Amino acid sequence: MTEEASQLRKENAELKEEVTRKTQRIEELEGLLMSALLRIEELERRLAKDSHNSHKPPSSDGFKRHGKPHAASSKLNGGQAGHPGHALQQVVNPDEVIIHRPNHCEVCHCDLGEVAGQVKERRQIHEIPVLRLLVTEHQVEVIRCPVCQHQSVGSFPMGVNAPAGYGPRVHSLGVYLSQYQLLPMDRIGELFLDLLSWRISEGMLANWIQEAARTLSPTILRIKELLLAQRLDHVDETGGRVKGLLHWFHVNATRWLTLYHWHRNRGQKAMDAIGILPQYSGRAMHDRLSSYDHYVCEHSICGAHLLRDCLLIAERDHQPWAREMHDLLRRIAETTARFRAMGARVLPQAERDFLVLQYFEILRQGFAAQQTLASPPSKPVPKKPGRRKQAEAKNLLDALLARAEQVLAFLDELTLPFSNNLAERDLRMIKVQQKISGTFRSSEGATAFCVIRSYLSTMRKQGRSMLAAMAAVFEGTPFPIAWEPGT
């Protein structure tokens, strides 16, 4: 009897140990399953982001289409009735006139060669002349003085430094195609060969680019000086590779000015090195990057970024308040645009207060929704080291509340824009350059690109010809930077 009881106790202990092991294994598997589910949820959240609801570029969307397909239009293709059109116009003084006159009378066949005629109709053909390099030879003469017999030698003008060389317009065309139209150097050589029957080397083009950048150094300082005096500065940054490593290209821009810089860092260290925001006393328009908050100037938050953020929370997380905030911000933007078009400087007080009241009411609903969603889960979530990550919806609500004055600044001052699209447009060409070339092969190349592009973008905004502006650089007198006070 004692042996049987001992055997039963032993079997019971083994059974309890086995149950304990099974229970621990089940808990481990449940933990792994929960981790896998959380990982799947995180991946689904990432996949839900694209260009229409986040800051990702459209090129990352693949073949996805957003929104409803456009309905078929009943209009015919081409210009519509009443459209003024843009037909090619005749010029007053053509370069060549060819007269077509009859030789004899159509009725009696009388010779009309000596009879004066009248112009009945004029038609003009606009054509590109045959392109070729125009070669100007410079000859230095030596003259012997008839009195003292000393031989005096003439001197070559500035820029004529070699037995054969290119003029400033050739230099400017090559640099313009490289730095503004973003053609690869090899293709620029092919283009010169096709157009001018003369191929330039990549090394020569690289030397021209560096020469232009050196000449434009005082111009860049002038642009920086003018930016510091502006009332509104659009700032943004984007990633790019220099010698294969990730760097950041920063832009400071207004309607009339553009300034590019590149730096190894994205945040405050780079902005301090650029040297504009630390001295700036106007208003900076930017996204929610926290590095901008270190500067004492006034701030405005880009509304286009907020629209995309709200759209993501509304579509992915199905939170109604985010859709309501998205629609409200669009309505505020449309309202301010309408009053701005009428010449108003401020909104009527009642309408302004009503929009602000709606803004904070939506925030109240959003925070209430977060408290409901924050109820503890039915199953414990595996703990991770460090501080628990806050939900994106909560982050957005906190930003909309803490930055309410910055978000709604354009509501109280109609001269302020709703979005930071001006800076984003100026940065877009940086991404195009990266897609074409992939990387800057040297820091000198990246610096020259920022300098030349700053000058050319500024000239484009001010209505100047790009080729003429570049030719002025190689003639040693870059175009001056115009400035409209108060902008």
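Student: I would appreciate a short explanation of a nonpolar patch on the surface in the present structure.
Tutor: Nonpolar side chains collect at one region of the surface, where Val 140, Val 142, Val 153 and Phe 156 lie side by side and expose about 350 Å² of accessible area between them. Topologically, Val 142 is positioned in strand E1 (residues 142-144).

Student: Would you mind going over the packing of helix H9 (residues 349-373) against helix H10 (residues 392-402) with me for this structure?
Tutor: For any two helices packed against each other, one specifies the crossing angle of their axes together with the interaxial distance. Close contact between H9 and H10 brings their axes to 10 Å; oriented N to C, the two are set at 150 degrees. As summarised for this structure, H9 and H10 are arranged roughly antiparallel, according to the angle between their axes. Considering the relative orientation of H9 and H10, their crossing is left-handed. Across from Tyr 359, Phe 360, Leu 363, Gly 366, Phe 367 and Gln 370 in H9, the residues of H10 making contact are Ala 393, Lys 394, Leu 397, Asp 398, Leu 400 and Leu 401. Residues of the contact of H9 with H10, tallied by class, amount to eight nonpolar, two polar and two charged.

Student: What am I meant to see in empty space enclosed by the protein here?
Tutor: Unoccupied space between atoms shows up once a probe the size of one water molecule is rolled over them. Under the definition given, this model contains one cavity of 30 Å³ or more. In terms of lining residues, the largest cavity is bounded by Val 235, Asp 236, His 250, Val 251, Asn 252, Met 271, Ile 274, Ile 276, Leu 277 and Tyr 292. Listing elements by their share of the lining of the largest cavity, those giving two or more residues are strand E3 (232-242), strand E4 (245-253) and helix H6 (268-274). The element best represented in the lining of the largest cavity is E4, accounting for three residues. Across the lining of the largest cavity, the residue classes break down as seven nonpolar, two polar and one charged.

Student: Where do I start with the pairing of strand E6 (residues 283-286) in this structure?
Tutor: Here E6 shows no split at all, with Arg 283 and Met 285 on one side and Ala 284 and His 286 on the other all buried. With three bridges connecting them, E3 and E6 associate as parallel partners. Looking across to E6, one finds that Asp 233 is bridged to Ala 284. As paired strands, E6 and strand E7 (residues 298-301) are joined by four bridges and run parallel to one another. In the sheet register, Met 285 faces E7, and the bridge partner there is Ser 300.

Student: Please clarify how helix H8 (residues 320-341) should be interpreted in this entry.
Tutor: Counting along an α-helix, one turn takes 3.6 residues, and residues three or four places apart therefore face a common direction. If you check H8, its first and last C-alpha atoms are 32 Å apart, about what 22 residues at 1.5 Å a residue would give, namely 32 Å. Regarding H8, the residues found buried are Trp 321, Ala 322, Met 325, His 326, Leu 328, Leu 329, Ile 332, Ala 333, Thr 335, Thr 336 and Phe 339. The elements touched by buried residues of H8 are helix H7 (303-316), H9, H10, helix H11 (404-407) and helix H12 (409-412).

Student: Can you walk me through the packing of aromatic side chains in this structure?
Tutor: Working definition: an aromatic ring pair is given by the centre-to-centre distance plus the angle between the planes. Going through the model one piece at a time under the given rule, you end up with six aromatic pairs. When the centroid spacing of 5.1 Å and the interplanar angle of 70 degrees are considered together, the rings of Phe 410 and Phe 418 count as edge-to-face. As far as the burial class goes, Phe 410 and Phe 418 line up, both buried. Judged by centre distance (5.3 Å) and plane angle (55 degrees), the ring pair of Phe 440 and Phe 449 falls under tilted. Joined through ring pairs, the aromatic side chains of Phe 249, Phe 440 and Phe 449 make up one cluster.

Student: Before we go on, may I ask you to explain the environment of Leu 221 in this structure?
Tutor: Note that Leu 221 resides in helix H5 (residues 217-228). Leu 221 gets classed as exposed once you look at its relative accessible area, which sits at 58%.

Student: How should helix H2 (residues 168-179) be read in this particular structure?
Tutor: For H2, which comprises 12 residues, the first-to-last C-alpha distance of 16 Å matches the rise-based estimate of 16 Å (1.5 Å per residue) to within 8%. In terms of burial, H2 is a largely internal element, nine of the 12 residues being buried. Every buried residue of H2 is listed here: Val 170, His 171, Ser 172, Gly 174, Val 175, Tyr 176, Leu 177, Ser 178 and Gln 179. Buried residues belonging to H2 abut helix H3 (185-196), helix H4 (202-215), helix H14 (443-461) and helix H15 (466-474).

Student: What exactly am I supposed to notice about the environment of Ser 291 here?
Tutor: Relative to the helices and strands, Ser 291 is located in the loop between E6 and E7. Here Ser 291 falls in the buried class, since its relative accessible area comes to 12%. Placed 23 residues apart in sequence, Ser 291 and Gln 268 show a C-alpha to C-alpha distance of 5.2 Å. Other than its neighbours up to four places away in sequence, Ser 291 contacts Gly 267, Gln 268 and Met 271.

Student: Any chance you could explain the packing of H5 against H14 here in plain terms?
Tutor: In contact at an axis separation of 10 Å, H5 and H14 are set at 60 degrees when each is read in the N-to-C sense. Viewed along their axes, H5 and H14 adopt a mutual orientation that is oblique. The way H5 lies across H14 gives a crossing that is left-handed. Together, Thr 219, Ile 220 and Ile 223 of H5 and Val 451, Ser 454, Tyr 455 and Thr 458 of H14 make up the contact between the two elements. Split by residue class, the contact of H5 with H14 holds four nonpolar, three polar and no charged.

Student: Whenever I open this one, the side chain of Gln 124 confuses me. Can you help?
Tutor: If you trace the backbone, Gln 124 turns up in the loop between helix H1 (2-47) and E1. Within polar-contact distance, the side chain of Gln 124 engages the backbone nitrogen of Val 91 at 2.8 Å. Setting aside anything within four residues of it in sequence, one finds Gln 124 in contact with Gln 90, Val 91 and Pro 94.

Definitions and cut-offs
- Residues numbered from 1 in each chain as written.
- Predicted model: local features only at pLDDT ≥ 70, side-chain atom pairs only at ≥ 80, totals over all residues.
- Heavy atoms only, no water.
- Patch = residues over 30% accessible without salt bridge, like charges linked within 9 Å, V, L, I, M, F, W, Y side chains within 5 Å.
- Areas by Shrake-Rupley, 256 points an atom, 1.4 Å probe, with all protein chains shown as cover.
- Salt bridge = Lys/Arg side-chain N within 4 Å of Asp/Glu carboxyl O.
- Helix = DSSP H or I, 4+ residues; strand = E, 2+ residues; numbered from the N terminus.
- Axes fitted to C-alpha atoms, helices over the stretch in contact; angles between N-to-C directions.
- Parallel < 35°, antiparallel > 145°, perpendicular 65-115°, else oblique.
- Left-handed = near helix turned anticlockwise from the far one by under 90°.
- Contact = heavy atoms within 4.5 Å.
- Nonpolar A, V, L, I, M, F, W, Y, C, P; charged D, E, K, R; others polar.
- 1 Å grid on protein atoms, 1.4 Å probe; cavity = no way out; pocket = protein on both sides within 12 Å on 5 of 7 lines; lining within 4 Å.
- Points joined across faces, edges and corners; volume = space filled by probe spheres on them.
- Buried < 20%, exposed > 50% of the residue type's maximum accessible area, 1.4 Å probe, protein only.
- Pairing = 2+ DSSP bridges.
- Expected span 1.5 Å × (residues − 1).
- Phe/Tyr/Trp six-rings, centres within 6.5 Å; stacked < 30°, edge-to-face > 60°.
- Polar contact = N/O pair within 3.5 Å; in protein donor to acceptor, adjacent residues only side chain to side chain.

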